[in-house]
Every structure is written in C-alpha cells, then in structure tokens.
Amino acid sequence: MAGIETLFTHAKLADGSRKDIGVSGGRIVAIEPAGTIPTGSRTVDITGSLLVPAFVEGHIHLDTSFYGDKWIPHKACTNGFDVHERVAFQAQNMAQAAPMDERARKQLELCVANGSLRMRSHVMVDGSVGLKSLETILTIREEYRDIIDIQLVAFPQNGILKSPGTPELLNEAIALGADLVGGLDPASFDRDLQGHLDVVFGVAEKHGVGVDIHLHDFGSLGAFTVEEICARTAALGMQGKVAISHAYGLGDLDPDAARRIGAKIAKAGVSIMTNAPGDHVFPPVALLRSEGVTVFSGSDNIRDSWWPYGDGDMLSRAMMIGYRSGFYTDDDLTAAFDVVTIAGAKALGLEGYGIALGAKADFVTLVAEHVPEAVVAVPKPRRVFKEGRLVAENGAVVR
Ligand SMILES: [Zn+2]
C-alpha cells in the first residue's frame, strides 16, 4: 500500500481482531487484517500485544506535585477536610520544594511513560502566585510539545473574589496561553456562588474558551452548584466546553435524584471528572454514563500537599474507578477503560483520537488478553507511540 511510512504489525485491537496498522504523517492511514499490508519502509512488530489509544490524563496539577522531589510528609487537617487549610499547607510546602520546572518535568515523564499523551493540567493563577506558575508551565509545555499535548486551566486556587486581582489575572492567563478558565468551590470558598461564576463564565465568554471548575462541596450545596453551572453553560451555548471536576455532591444523592441531575448535566453538555478518591463519596459513574453524561478522569494530585498518593498511570486509575464503583462485569470494566480514553478525549474536545483511520497514531501497547483484563491487571510493560514515534518504553521516556 502506497504512502505508509511505518507499519505496525501483529497488533491486537480491543475487539479482539489482529490487525496491521499503517501510519503516515503521524496519522493512521490503514487498519487491515494482519499480514495483508505489504511491508513498508519501516516496520514495528507489536508482537500480539493489545494496542489501545493513548490515555487521557484529564486532571492533573503540574505545578504543585512533589513527585521526584524529596518526600514531604502529609499534614492532616486539624478538624476534618478543609480546602482553606489545605491551601495554606500547600503554600508552606511550595516554599521548600525543588524548582517548579524540575518537578513538572518529572511528573510529565511519569505520565508519558505510563501512556498518557493527552493531558489537562490545572495551574495556579491567583493573587498569591500571579502568573508565575503559568509562565513556568507554559515553558515546560513547549519543551514537551513533541511527546505530549497539554491543555492548561488557569486555576484560582485561592479563590476569585477572596484573592485580590484574580479576575484580571484570569483574563491575562488566557491571553498568555492558558486554554481554559478554572474555578474553585464558588459558594463555600468565595461565599458567593453567582459572583464567582460571573467571573469564570465572563472570562470564558470574552475569550471563547472552555471552563473546568473544581467543586468539592458535598450534599445539596454541591448538587445546587452543579445545577447552576449547567444552567449557565446552556444559557451561553457552551455545551461540550464545560467540565466540573470532583463534584463530590453527586455522590451524596439518592439514585432518583442523581438520575434527575444526571439528565440535566447531560443536556447541558457538561462533563464530570472524577479520580475516585479514597476517603469520601464521588459521582456515581455508571448512573451518570447511563444518563448520557461524559465522565472522565485524571490523577489529580500526585504526591502533593493534598495527598501522598498518585502514580501518573491512567490504567491504574481506571482500575481504581472500577474498584470503587463496584464494576465487575466485562462491560463495566470496559466502561472504566472508556473513562480514561474515549470519554476523556470527548471531555477535552480532542481531535483525531482513537484507533481509527485519520486519527493521530498515539497509542500504547499492553500485555493483556483484552481490555477488561488490562483494567484489573494493570500490566506495566508498555510501549508508547506518539504520532507513530516511540516515545516511551520500560517505564521511561525515550529521547
Ligand atoms: Zn485538582
């Protein structure tokens, strides 16, 4: 077949078929039964491994992780989980951490080595750090642009109304290169749900960018905030461009109430991000998916001031989502895998994603019988290809 630069042979696809995959110009140009495409100039033998789309790391914090730095012991909140207190601990920790660019590189390489080639990172933009963190992470994004595609969210970690100058900084952050505007617990942190959302959606509308809001609030306050975000999204015609990260409150609802709000979320085209955190309720993944909601995932914090866990592996994240959701059947396990792949791509609005003709040749090889087994076994030997080029193997980025 003409025009194939690299031929990937003996790949096993998610449907169990054995295929050879032709790649040219970084895109998939042929998917044919094994052995039926004449060998191109360069051949890469997949040796029967499962070949899946590269993972979507949909929520991470490149600026605040200590991964690869010295161990910084976790400090517990004095009276139960408190976002204000955690933000204060974070400020103390950041003052003693290694330079941000060094830490961000280590975290990125961890993610790429595990097979994530598309990422959304929140980066602090507020009165406490100004645009400094964003400037650093923008430089790192440029440095790594050949091996990973990164969206950046301007994230007001210290609130918007409570942190002087933050509305202006969020505008400047978008002008500087951030792709989305973030938010943080509009009601419980800033104590002004509508005032907070006025700024977030105002910046988004002005610049034509998407929104991704951290929402930790539980119970009816969390659910109410979700509804308000959905209403604004629909009113501004921003379906498909808005995400709510965590949305713990959705995990507090009885099934009927969850279904009702799930239908609203789906109609508004708002995506929900969960990392299936270990110590509290989280959104009902299967129920929301059945209502048509795009549920995606991310590592969120990796060894930072919020918790000491995290391995930058979206396949093990799929396992955790499945574990905590009580997913046992093959269909359930496949759904958990979808959350870290196709649903992630949809939530991030990614072009050219998947194992399909015309898609970017961004894929990962897994030693597993099929997707459900991969989700429970989390096999570590992987090869990671970005636009048909090997970018990582044996747990390390290849230079
Ligand atoms: Zn986060």
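To be clear, the structure that these remarks concern was listed above.
Let us look at the structure shown here. (Residues numbered from 1 in each chain as written. Predicted model: local features only at pLDDT ≥ 70, side-chain atom pairs only at ≥ 80, totals over all residues. Heavy atoms only, no water.)

**Overview of the overall build of the protein**
The criterion, for reference: In this description a helix means any DSSP run of H or I spanning at least four residues, a strand means any run of E spanning at least two, and both kinds are numbered starting from the N terminus. Taken over C-alpha atoms, the radius of gyration is set against a globule rule of 2.2 Å times the number of residues to the power 0.38. Residue exposure (1.4 Å probe, protein chains only): buried if accessible area is under 20% of the type maximum, exposed if over 50%, otherwise partly exposed.
Helix and strand counts for the protein come out as 12 helices and 17 strands. What you see for the protein is a C-alpha radius of gyration of 21 Å, in line with the 21 Å of a compact globule of 399 residues. Considered along the principal axes of its C-alpha atoms, the protein spans approximately 65 × 50 × 40 Å. Counting across all 399 residues of the protein, residues that qualify as buried make up 58%.

**Thoughts on the sheet that holds strand S8 (residues 149-155)**
Our working rule: For two strands to be treated as a pair, DSSP must find no fewer than two bridges joining them. Throughout, a contact is declared for two residues whenever any of their heavy atoms are within 4.5 Å. Axis angles are defined between N-to-C directions and span 0 to 180 degrees, where every axis is a line fitted to C-alpha atoms and, for a helix, only to the segment in contact.
Taken together, 8 strands build an open sheet; the order of strands is S6-S7-S8-S9-S10-S11-S12-S13 and the sheet is parallel. Looking at strand neighbours, the two that pair on one side only are strand S6 (55-60) and strand S13 (295-296), the edges of this open sheet. Bridge analysis of S8 against strand S9 (residues 180-184) gives 2 bridges, and the strand direction is parallel. Pairing of Val 153 across the sheet is with Leu 180, part of S9. Here helix H3 (residues 132-143) sits on the sheet and contacts strand S7 (116-124) and S8; the angle it forms with S8, its principal contact strand, is near 175°.

**Some words on the coordination of the zinc ion**
Keep this limit in mind: Ligating atoms shown are N, O and S within 2.8 Å of the metal, or 3.2 Å for Na, K and Ca, and water is not included, meaning a site may look less than complete. Sites are called tetrahedral only when four donors show all angles between 85 and 135 degrees, square planar or octahedral only when four or six donors show opposite pairs over 155 degrees and all other angles between 65 and 115, and irregular in any remaining case.
Looking at the zinc ion, one finds its protein donor set to be His 59 (NE2), His 61 (NE2), His 214 (NE2) and Asp 300 (OD), positioned 2.1 to 2.4 Å from the metal centre. One way to put it: the 4 donor atoms around the zinc ion meet at angles of 87 to 170°, and that makes the site irregular. Each donor residue of the zinc ion belongs to the same chain, with the gaps between them written as H-x1-H-x152-H-x85-D. Pair noted here: His 61 is in the loop between S6 and helix H1 (83-96) and Asp 300 is in the loop between S13 and helix H9 (314-325), with a separation of 239 residues, a long-range link.

**Concerning the environment of Ile 147**
Mapped onto the elements of the fold, Ile 147 is located in the loop between H3 and S8. Since its relative accessible area comes to 6%, Ile 147 is described here as buried. Note: C-alpha distance between Ile 147 and Glu 109 (38 residues apart in sequence) is 9.5 Å. Setting aside its immediate chain neighbours within four residues, Ile 147 contacts Val 112, Leu 117, Lys 386, Val 391, Val 397 and Arg 399.

**Comments concerning the pattern of salt bridges**
Our working rule: Criterion for a salt bridge: a side-chain nitrogen of Lys or Arg within 4 Å of a carboxyl oxygen of Asp or Glu.
This model, assessed by the stated rule, comprises 18 salt bridges. For Arg 232, the salt bridge goes to Asp 198, with nearest N and O atoms at 2.8 Å. Of the two residues, Arg 232 is situated in helix H6 (residues 219-235) and Asp 198 in helix H5 (residues 193-207); the sequence distance between them amounts to 34 residues. Looking at Arg 232, the relative accessible area reads 18%, which means it is buried. Residue Asp 198 is classed as partly exposed on the basis of its relative accessible area, which comes to 46%. One salt-bridge network, in which partners are shared between bridges, spans Arg 118, Asp 149, Lys 360, Asp 362, Lys 386 and Glu 387.

**Describing the nonpolar core**
To keep it simple, the criterion reads: Nonpolar core, defined: a set of buried Ala, Val, Leu, Ile, Met, Phe, Trp, Tyr and Cys residues in which side-chain atoms within 4.5 Å join the residues together.
Counting residues in hydrophobic clusters, the biggest one holds 91 residues, and the most contacted among them are Phe 55, Leu 134, Val 181, Phe 201, Val 211, Val 226 and Ile 265. Ala 11, Leu 13, Val 44 and Phe 363 belong to the second largest nonpolar core, which has 12 residues in total.

**Structural notes on unusual backbone geometry**
Its identity as a non-glycine residue notwithstanding, Thr 47 has a phi of 55°, on the positive side. Note on placement: Thr 47 falls in the loop between strand S4 (42-45) and strand S5 (50-53). A relative accessible area of 57% places Thr 47 in the exposed class. Positive phi is not limited to glycine here, since Glu 387 has a value of about 50°. When you line up the elements, Glu 387 lands in the loop between strand S15 (382-386) and strand S16 (389-393). Overall, Glu 387 belongs to the partly exposed group, its relative accessible area being 33%.

**Some points on helix H4 (residues 166-176)**
Put simply, the rule is: It is the directions from the helix axis to the C-beta atoms that the arc portrays.
Every buried residue belonging to H4 is among Thr 166, Leu 169, Leu 170, Ala 173 and Ile 174, and all of these are buried. In an axial view of H4, the angular spread of the buried residues amounts to 140°, which keeps them on one side of the axis. Along its buried surface, H4 packs onto H3, S8, S9 and H5. With its phi angle positive at about 140°, Gly 177 sits one or two positions after the end of H4.

**Details of the packing of helix H2 (residues 100-113) against H3**
Convention followed: The cut-offs work like this: below 35 degrees is roughly parallel, past 145 is roughly antiparallel, 65 to 115 is roughly perpendicular, and the gaps in between are oblique. Crossings are sorted by hand: turned counterclockwise from the far helix by less than a right angle, the near helix makes the crossing left-handed, and turned clockwise it makes it right-handed. Under the convention adopted here, Pro, Cys and the residues Ala, Val, Leu, Ile, Met, Phe, Trp and Tyr are nonpolar, Asp, Glu, Lys and Arg are charged, and Gly plus all remaining residues are polar.
Running from amino to carboxyl end, H2 crosses H3 at an angle of 45°, the nearest separation of the two axes being 10 Å. Our classification of the angle between H2 and H3 gives oblique. Helix-helix and strand crossings are classified by hand; for H2 and H3 the assignment is right-handed. Residue-level contacts link Met 100, Asp 101, Ala 104, Arg 105 and Leu 108 of H2 to Ser 133, Thr 136, Ile 137, Ile 140 and Glu 143 of H3. A per-class count over the contact of H2 with H3 returns 5 nonpolar, 2 polar and 3 charged.

**What to know about the pairing of S15**
Extensive coverage of S15 is indicated by the burial of 4 of its 5 residues. Pairing of strand S14 (residues 363-366) with S15 involves 4 bridges; the strand directions are antiparallel. Residue pairing for S15: Val 364 is matched across the bridge by Val 384. Strand direction decides the pairing type here: S15 and S16, joined by 4 bridges, are antiparallel. Paired with Arg 383 across the strands is Glu 393, a residue of S16. Between the antiparallel neighbours S15 and S16 lie 2 residues, among them Glu 387 with a positive phi of about 50°.

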